[in-house]
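Okay, here's what each chain looks like letter by letter:
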Amino acid sequence: MKTFFRQVKTMSLFLLIGLLGGCDTYQQDSYKKQYVVQGYLIALEPLSPISVSTTVPLNEIYSLEATAVKNAKVEVQLLNAQGQPEKTFDYVADPDSVSMFKPLDTTALVMPSRTYALRITFPDKPDVITAKTVIPDTMRVIRTNGDTFRYQQQPQFEQLISPSLNPSRQSYFIFSVEGLTPSTTNLVPFWDPENGFGGDRKPPKVYASPILNEANYRTSEGNLLVQLPWLTVVYFGKNRVTTTVLDDATYNFFRTQSVQLGGSTLSPGEIPNAVTNIVGGTGVFGSLARATSLMTVTR
Amino acid sequence: MLLHRFLGFVILLLLCSLVPTYAQNASLSGYVRDASSDETLIQATVLIQGTTTGTVTNTSGYYTLNRLKAGNYTISCSYIGYKTNRLSVTLSEGQALILDIRLEPEDTSVEVTVTSDREEVEQRNVGVTQMSVSTITRLPSVLQADVFRSLQLLPGIKSSSDFSSGLYIRGGSPDQTLIMLDRTTVYNPTHIFGFFSTFNPDAIKDVKLYKGGYPAEYGGRLGSVVDIYNKEGNRKQVHGVASLGLLSSRIAVEGPLQQEKSSWMLAARRSTTEPVLAVLRNMKDEDGNPRFQGIPDNFYFYDFNGKFTYDFTPKDKVSLGFYAGQDNVSIPVGEQTAFKVRYGNVTGNTNWTHIFSPQLFSNFTFTGSRYFSSPSGKIASTEFKRRNEVTEWSSKGDFEYIPDPAHQVQIGFWAGRMTIFLQDSFNEITNEVLDIQTPYVSGYAQETWRPNIQWSLKAGLRANYFGDGNYLRLEPRLSADFTYSEWLRIQAAYGRYYQFLSLITNEAFSGFDVWVTADEGVKPAWGDQFLLGVKTKPFKGWNLDVEGYYRNMNDLFDLDPFLNDTAGLPYNKLFRFGQGYAWGTEFFLEKYAGQLNGFVGYTFGRTWRKFPNINNGAYYPPKYDRTHDLNVTANYDLSSKWTATAVFSYATGQAYTEPLGRTYINSPFGEGFANIGGDVLTIGKLNASRLPAYHRLDVGFTRKGNVGSWGKSELQLQLINAYSHRNIWFYQYDFDVNPVKRIDTLQLPILPNIAYTIRF
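The model shown is predicted, which means the values in this text are computed figures rather than measured ones. (Residues numbered from 1 in each chain as written. Chains lettered and ligands numbered in written order. Predicted model: local features only at pLDDT ≥ 70, side-chain atom pairs only at ≥ 80, totals over all residues.)

Quick look at the overall build of chain A
Put simply, the test is: Numbering goes from the N terminus for both helices and strands, where a helix is a DSSP run of H or I of at least four residues and a strand is a run of E of at least two. Here the C-beta atoms are placed from the backbone, and a residue counts as buried if at least 20 other C-beta atoms lie within 10 Å of its own, exposed if 12 or fewer do, and partly exposed otherwise. What counts as a contact is two residues whose backbone-derived C-beta atoms lie within 7 Å of each other.
Secondary structure summary: chain A contains three helices and 17 strands in total. Taking all 299 residues of chain A together, 42% fall into the buried category. In chain A, of all internal contacts separated by at least 6 residues, the share reaching a separation of at least 24 is 69%.

Here it is as structure tokens:
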């Protein structure tokens with residue numbers, strides 16, 4: 001009996017050590033409302049509008065109207081090499097578009113390879129939202145291998161694009177195809193609900209690739225030779241093919257946002273926050289450069 | 001400085017072993033075998049009765065007792081599930097007697113009625129667990145008996161879900177466990193994308209698991225080792241076993257080529273899911289449309305195991321072994337889309353065991369291992385395919401020198417060359433993601449010193465060289481075992497471990513697994529393990545083990561989960577680098593004898609990880625962190641023919657990330673298949689919430705019988721998840737409704753299982 005109690009004591013000691021070490025200090029935190037900013041400046045195009053809204057708790061109804069922020073002071077600054085404002089562009093609320101602020105200056109073009117800063121303040125509260133983006137270098141379509149292609153023919157539509165130079169890294173691209181004559185009778189077989197993978201999804205007007213690295217397409221001359229996958233074509237007829245280069249902010253936001261609901265090596269249920277360049281909120285104040293060409297897809 | 005002291009200690013122990021301490025010079029050595037098949041038995045106990053001198057057989061089934069006085073002895077040999085064999089021997093001065101000992105199997109339905117002290121001592125060494133094949137096949141199992149799913153019931157070992165056979169041991173991910181079949185590394189030990197492990201229970205002789213603090217003879221992983229040996233085959237007569245199950249059917253045959261000198265074993269297994277898939281494929285709804293989408297056109301797996309063993313001389317044994325397994329699936333998704341994946345493993349080994357003298361035993365192995373995975377598909381004539389291969393050739397040599405009963409010295413080497421190739425093609429653009437060819441060499445020395453009946457000290461040092469990155473790393477190992485009394489043993493162990501490989505996997509789908517290696521700019525991961533164990537025998541027929549562990553993990557390298565494309569990136573930019581730690585206390589209460597027997601395993605533990613730019617750089621629990629984990633298994637002999645088995649599991653819900661808020665960000669690019677833009681979740685701490693607790697009860701009944709006069713039969717009736725508790729695997733979020741609806745992704749429902757086995 002003595003032996004037994006000695007054993008019980010030994011075991012109890014181990015159990016106690018274990019339990020004392022096990023107090024959980026890693027507790028779930030609670031929802032905090034955040035400002036949401038989205039805007040993309042496009043090289044050599046007029047300043048784009050910027051949306052300002054807020055998040056909602058997951059279990060509440062979401063609507064842009066309800067979350068739109070109306071009384072913000074939005075300005076975008078072109079910075080000089082020293083990081084000081086060289087020119088400031090004021091934005092005003094767009095009465096025709098919920099949550100949107102539009103630039104007063106509609107003629108100024110976004111300058112490639114320059115840095116722009118966003119600053120949002122509020123007349124009735126001390127909150128400040130800031131962000132910066134470096135505009136990607138421009139590029140152009142040097143040539144294509146034709147303008148009319150039979151669906152799924154080989155060779156595919158091919159375009160040679162000049163490089164968008166970035167001194168610190170290779171460029172990241174997204175290719176998208178916009179059907180200029182979208183209608184249900186114009187759908188390619190893959191998107192036909194009877195046959196396809198699209199199933200009951202509504203066929204998109206613009207269909208885009210994932211983010212792709214420049215190294216896939218670089219030629220020995222330093223240009224990019226891009227063959228358009230037939231997978232990206234949704235409609236017969238005329239299509240606009242756009243090659244878009246992403247700045248760091250857009251790249252980081254979308255590469256992290258796109259795996260929130262799966263599709264990566266993360267365990268199911270392990271959801272990361274999207275990486276944002278917005279200080280004082282979330283979302284993306286990014287920039288892009290793009291080049292387009294047209295092609296016609298026949299049956 | 002610490003390392004120098006440690007090296008000094010190891011050298012001292014080695015020197016101790018070389019100094020003759022006794023004048024006696026007779027010896028006794030040989031193999032311990034199953035009397036019915038002549039199969040060698042691993043870790044059988046050989047004792048000189050009336051003394052404390054004894055040993056256990058090594059992984060080749062060989063034992064040595066040295067420095068014995070001339071005289072008459074009674075040798076007692078025992079092994080779990082076998083009748084103890086007592087033999088009288090007479091040793092003359094200087095005699096080196098070779099004595100192969102044969103044990104008769106116990107004729108009982110419960111194999112754990114007989115235990116041998118020394119064997120039990122070895123099995124209850126710190127961090128060690130051994131599971132018999134009969135336990136594996138007896139436990140209720142989802143559709144088929146499975147080695148890894150049985151191991152998951154032991155304390156300290158967790159599964160990620162009902163759908164995964166992956167081993168999450170003491171807070172480590174599955175790639176932190178070295179998995180070896182006949183001394184050959186297996187790189188993807190799964191069938192059905194992780195649902196089952198590849199090991200066919202009919203072919204297996206022995207499964208040994210080092211949960212932590214593993215000795216210097218093993219290396220290359222941060223956490224644990226699963227060391228599996230296939231049967232050599234019956235050396236006396238042809239025997240076989242055939243089994244029909246719901247998921248697969250299997251057959252294994254073994255026999256002699258030359259009586260008592262050579263043997264062979266062949267085992268085959270193939271899935272039998274085609275009829276079920278055909279029924280599912282042909283089921284229609286009210287409108288005549290297929291009721292289920294995406295039912296594979298083609299889905300099967302198979303595997304083969306084989307071994308041939310030949311004794312050239314009493315001192316030389318050679319064996320050739322192989323494993324080949326493959327999974328194939330082909331899924332049509334509409335006229336414009338098709339998806340195929342083929343993955344599997346092939347391993348082969350040649351093993352030569354040579355006995356130089358009663359004191360010196362050696363084993364040399366040449367191994368080859370290949371893992372391949374080749375998913376491919378076509379969507380709207382756009383093709384994508386992947387070529388993913390790991391090929392490894394290696395040679396190993398292990399020497400055991402036993403100068404006297406107090407000392408055992410082991411030295412060995414392992415050298416090889418590994419090739420990893422990964423190539424992705426999309427729309428005719430090919431990207432060679434990995435093309436790694438690297439040599440590696442490791443060597444170890446280890447001394448076990450038993451100065452008296454109470455103490456056993458083991459010290460070892462392993463040196464590893466890895467070609468890519470030119471890394472040389474030293475791993476000291478140390479363990480001590482103190483037997484306080486018959487009912488109490490105290491054990492402690494420390495070890496440093498390096499890992500030069502990392503597995504890129506998605507726990508839901510192992511068919512795409514990719515291995516990567518350390519290289520320049522990618523340092524090998526390393527960690528220290530500290531173990532403290534108390535092993536008790538509170539009552540006759542009962543064991544109670546308590547083991548605590550702490551381990552850290554440093555320089556973990558893991559594929560950056562946010563990389564959309566790897567083209568053009570330097571190798572070190574493919575990874576995120578992190579660290580982690582885990583601690584826990586495991587309780588294992590076992591009743592190993594009697595009509596009612598079984599065990600209760602409970603683990604109280606935590607594991608944490610930290611990566612830059614994740615969770616604001618703070619530690620977070622990975623999904624498989626579970627604070628409490630309880631498994632209870634019980635076997636009850638209802639009669640001489642019927643046995644009932646039950647397994648109950650309870651575990652803290654897995655960690656998951658609770659989305660706190662939402663917003664919507666327009667994609668400036670349009671829609672795509674990469675989820676760019678759209679609904680965005682905002683979260684707080686990563687994995688700070690818990691799914692509901694997991695619990696499940698499996699029950700089974702086994703009826704033993706005869707098939708005429710030529711065989712024995714076994715009918716297994718099992719009910720998995722007997723009270724149909726739908727455990728949650730993870731949550732999904734439906735953004736098509738507003739507000740967002742959380743959807744439970746459930747694990748297995750109640751499942752019946754039936755299997756019929758004939759042994760002839």
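With respect to the interface of chain A and chain B
What counts here: Just so you know the grouping, Ala, Val, Leu, Ile, Met, Phe, Trp, Tyr, Cys and Pro go in nonpolar, Asp, Glu, Lys and Arg go in charged, and all remaining residues, Gly too, go in polar.
Counting from both sides, the interface comprises 80 residues of chain A and, opposite them, 76 residues of chain B. Elements represented by at least two residues in the side of chain A that touches chain B include exactly α1 (2-20), β1 (35-42), β3 (56-57), β12 (172-179), β13 (206-208), β14 (212-213), α3 (248-257) and β17 (282-298) of chain A. Sorting elements by how many residues they give to the side of chain A that touches chain B places α1 of chain A first, with seven residues. The residue makeup of the side of chain A that touches chain B, split by class, is 38 nonpolar, 35 polar and seven charged.

Focus on the sheet that holds strand β43 (residues 678-683) of chain B
Our working rule: For two strands to be treated as a pair, DSSP must find no fewer than two bridges joining them.
Here three strands make up an open sheet; going across it, the order is β3(A)-β41(B)-β43(B) and the pairing antiparallel. Either end of the sheet is taken by a strand with one partner, and the two such strands are β3 of chain A together with β43 of chain B. Where β3 of chain A lies against strand β41 (residues 659-665) of chain B, two bridges are found, and the strand directions are antiparallel. Its bridge partner lying in β41 of chain B, Pro57 of chain A is registered against Gly661 of chain B.

Looking at the nonpolar core
Operational definition: What makes a nonpolar core is a set of buried Ala, Val, Leu, Ile, Met, Phe, Trp, Tyr and Cys residues, with links drawn between C-beta atoms within 7 Å. As used throughout, domain bounds are those supplied by an automatic or database domain assignment.
Formed by 91 residues in total, the largest nonpolar core has its most connected members in Val32, Ala44, Val46, Leu103, Leu151 and Ile228 of chain B. Split by domain, the residues of this core number at least three in each of domain 1 (2-19 + 26-123) and domain 2 (128-654 + 691-759) of chain B. Residues Val241 and Leu246 of chain A together with Ala380 and Trp608 of chain B belong to the second largest nonpolar core, which totals 79 residues.

As for the pairing of strand β2 (residues 50-54) of chain A
The side chains of a regular strand alternate, first on one face of the sheet and then on the other. Residues and elements named next belong to chain A. Within β2, four of the five residues are buried, which leaves it mostly tucked inside the rest of the structure. Two elements, β1 and β2, share four bridges in a ladder whose sense is antiparallel. Following the sheet pairing, Val36 is matched in β2 by Ser53. The pairing of β2 with strand β6 (residues 100-103) spans two bridges and is classified as antiparallel.

Section: the environment of Phe735 of chain B
By secondary structure assignment, the location of Phe735 of chain B is in the loop between β47 (728-734) and β48 (741-746). Once you skip the residues sitting within four places of it in the chain, Phe735 of chain B turns out to touch Asp679 and Val740 of chain B.

So, the domain arrangement of chain B
Under the domain assignment, chain B is made up of domain 1 (2-19 + 26-123) and domain 2 (128-654 + 691-759). Between the C-alpha centres of domain 1 of chain B and domain 2 of chain B there is a distance of 29 Å.

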